[in-house]
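If you want the building blocks of each chain, they are given just below.
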Amino acid sequence: MSAVEHERFMRRALEQARSVWGQTHPNPMVGAIIVEDGQVVATGATAEDGGPHAERLALLTRGKVPRPGATLYVTLEPCSTHGRTGACTDAIIASGIKHVVVGATDPNPAHAGRGFEVLRAAGIEVISGILERECTDLNLIFNHWITTDGPLIAAKVATTLDGKIACRTGESKWITNEASRADVHQWRRLFPGIAVGAMTILKDNPRLTSRIAGEEWSPWRFVFDGLLRTVVDKNLPDVFTDKFRDRTIVVTTPHGGLGYVRKLRDMGIKVWAFDSPTKRVSFADFRKKCAEERISGVYVEGGAHLISEFLRAKQLDYLFAYQAPVLFADDKARTIFNGLRPERLDQAVRLTDVRHQIFEGDVLTRGRLAYPDKLQIDEAAFTGR
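Residues numbered from 1 in each chain as written. Predicted model: local features only at pLDDT ≥ 70, side-chain atom pairs only at ≥ 80, totals over all residues. Heavy atoms only, no water.

Student: Could you give me a rundown of the overall build of the chain, with the residues and numbers involved?
Tutor: The helix and strand inventory of the chain stands at 11 helices and 18 strands. Taken over C-alpha atoms, the radius of gyration comes to 23 Å for the chain, in line with the 21 Å a tight globule of 385 residues would show. Counting only C-alpha atoms and orienting by the principal axes, one finds that the chain spans roughly 70 × 50 × 40 Å. In the chain, which comprises 385 residues, the share counted as buried stands at 50%. Summarising the internal contacts of the chain: among those between residues at least 6 apart in sequence, 73% fall at separations of at least 24. (Helix = DSSP H or I, 4+ residues; strand = E, 2+ residues; numbered from the N terminus. Rg over C-alpha atoms; globule rule 2.2 N^0.38 Å. Buried < 20%, exposed > 50% of the residue type's maximum accessible area, 1.4 Å probe, protein only. Contact = heavy atoms within 4.5 Å.)

Right, here's the structure in full:
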């Protein structure tokens, strides 16, 4: 087949992978299709954690031995290790398929390329790197998880062109348009966890759920509240009282008071209390706890102070920045980032592997954060969370 045909079928495999968007953590989303005589005859997508992989499901869907000349398209290098579901390379070899086309290479350094070697040693033609950038991007959370043994911590910001999140009066609803906000719900569905600070809860009372096509789904909802200010009032926020309250985790310190901790736990709210000499939670401790709980990604939605603290601590891995075609041109309007004081361009934080998308005039810029060797900190900018 030509390169154009390979890309066309790989896009079909990507569609299969996206059909299980956010449902496979901590495993990757993978799509597979079997093509015979130019026609797709079977499809598969990775099942939930512990279930069959995409390749095995595609072979099972075919229901019989693939015809001579059949080609398997898969978005990620087939696994070659014998885990809970068995090596996919074994299933491919046993099926008799002689042509395999792959998108991305396994990001795990211990396994990268090994699946290709196993298949080729069995006499199977392997073509790799088809739509590799798209296939790799699909699993940005898994790729970070498998290479660092920790969660991908990402922030979402929505600003004007001059980086403002609200007028000087505090008005901010809505800076970005409906299409951008719908995209945010897609990313909420992908990430296993969403995080906000106490002031965001007290000011906006957000639901922190993903709402797509009339269906509501809740990730783990983290509330960073070092002093447990969100529990003081009798009118508790929705994340403590709604039907998803068992998905809420309050992240705090001993400075919040044991009485409030007991109150939360009596309501069915989980509490992660980290030792700290101040009311600030250690982000390194939070990251470690997420890893222990197999929470592979956290989407930080605000407020500006919490996101800036993550940035200053070099604990922010990825950024989703939505910009609306709006200018305030007011130095007293509220800014999303603060706390750094670079004096040269080489002291700035940059994005790498940058991707752009347009939503009816709004622009999403996203990418991985690359920090300078030493961040220049403006100590006066932070008074604590």
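Student: Account for the pattern of salt bridges, with residues named and values stated.
Tutor: Counting across every chain of the model gives 17 salt bridges. The salt bridge involving Arg 12 is made with Glu 15; its shortest N-O contact spans 4.0 Å. Residue Arg 12 and its partner Glu 15 are both found in helix α1 (residues 3-18); the two are separated by 3 residues, about one turn of the helix. Its relative accessible area of 36% is what places Arg 12 among the partly exposed residues. According to the relative accessible area criterion, Glu 15 is partly exposed, its value standing at 49%. In the salt-bridge network here, residues are joined through shared partners; they are Arg 133, Asp 137, Asp 353, Arg 355 and Arg 366. (Salt bridge = Lys/Arg side-chain N within 4 Å of Asp/Glu carboxyl O.)

Student: Lay out unusual backbone geometry with the relevant residues and their values.
Tutor: A cis amide bond links His 25 to the next residue, Pro 26, at an omega of 0 degrees. With an omega of 0 degrees, the peptide bond between Gly 302 and Gly 303 qualifies as cis. Looking at where Gly 303 falls in the secondary structure, it is placed in the loop between β14 (297-302) and α11 (304-312). Non-glycine residue Leu 131 carries a positive phi angle of around 50 degrees. For Leu 131, the position within the fold is in the loop between β5 (125-127) and α5 (132-138). What makes Leu 131 buried here is its relative accessible area of 8%. Even without being a glycine, Arg 294 presents a positive backbone phi close to 60 degrees. You can call Arg 294 partly exposed: its relative accessible area is 44%.

Student: Before we move on, could you go through the sheet that holds strand β3 (residues 71-76) and cite the residues and values that matter?
Tutor: Working definition: the strands of a sheet are paired by backbone hydrogen bonds and lie parallel or antiparallel to each other. Taken together, the 5 strands give an open sheet; going across it, the order is β2-β1-β3-β4-β5, and neighbouring strands pair in mixed fashion. Both edges of this open sheet fall to β2 (39-45) and β5, since each of them pairs with a single strand only. Put simply, the sheet's adjacent strands are angled 20 degrees from each other on average, direction ignored. In this structure, strand β1 (residues 31-36) lies alongside β3, joined through 4 bridges in antiparallel fashion. Bridge pairing in β3 links Ala 32 to Val 74. (Pairing = 2+ DSSP bridges. Axes fitted to C-alpha atoms, helices over the stretch in contact; angles between N-to-C directions.)

Student: With reference to specific residues and values, describe the pairing of β1.
Tutor: Among the 6 residues in β1, 6 count as buried, and that is most of the element. Here β1 shows a buried face lined by Gly 31, Ile 33 and Val 35 and a second buried face lined by Ala 32, Ile 34 and Glu 36. As paired strands, β1 and β2 are joined by 6 bridges and run antiparallel to one another. In the sheet register, Gly 31 faces β2, and the bridge partner there is Ala 45. The antiparallel pairing of β1 with β2 creates a hairpin that spans 2 residues between the two strands, and Asp 37 there sits at a positive phi of about 50 degrees.

Student: Can you break down the packing of aromatic side chains residue by residue, with the values?
Tutor: Taken as a whole and assessed by the stated rule, the structure comprises 16 aromatic pairs. Residues Phe 9 and Tyr 73 carry aromatic rings whose centres are separated by 5.4 Å and whose planes lie at 40 degrees to one another, so their mutual orientation is tilted. Of this pair, Phe 9 sits in helix α1 while Tyr 73 sits in strand β3, and the two are 64 residues apart along the sequence. Under the relative-accessibility criterion, Phe 9 is labelled buried at 2%. The class of Tyr 73 is buried, set by a relative accessible area of 0%. (Phe/Tyr/Trp six-rings, centres within 6.5 Å; stacked < 30°, edge-to-face > 60°.)

Student: Describe the packing of helix α2 (residues 54-62) against helix α3 (residues 88-95), listing the residues and the values that go with them.
Tutor: For the pair α2 and α3, interaxial distance at closest approach is 9 Å and the crossing angle is 30 degrees. If you check the angle between α2 and α3, you find them roughly parallel. You can see that α2 and α3 cross each other, and the crossing is left-handed. Between α2, through Glu 55, Arg 56 and Leu 59, and α3, the contact on the second element is made entirely by Cys 88, Ala 91, Ile 92 and Ser 95. For the contact of α2 with α3, the per-class residue count stands at 4 nonpolar, 1 polar and 2 charged. (Parallel < 35°, antiparallel > 145°, perpendicular 65-115°, else oblique. Left-handed = near helix turned anticlockwise from the far one by under 90°. Nonpolar A, V, L, I, M, F, W, Y, C, P; charged D, E, K, R; others polar.)

Student: Describe the sheet that holds strand β6 (residues 152-159), with residues and values.
Tutor: Strand order in the open sheet formed by 9 strands is β13-β12-β11-β8-β14-β6-β15-β18-β17, with mixed pairing between adjacent strands. Both outer strands of the open sheet, β13 (270-273) and β17 (350-359), are each paired with one neighbouring strand and no more. In this sheet, adjacent strand axes meet at a mean angle of 20 degrees when their direction is disregarded. Strand direction decides the pairing type here: β6 and strand β15 (residues 318-323), joined by 6 bridges, are parallel. Bridged to Val 157 within β15 is Ala 321.

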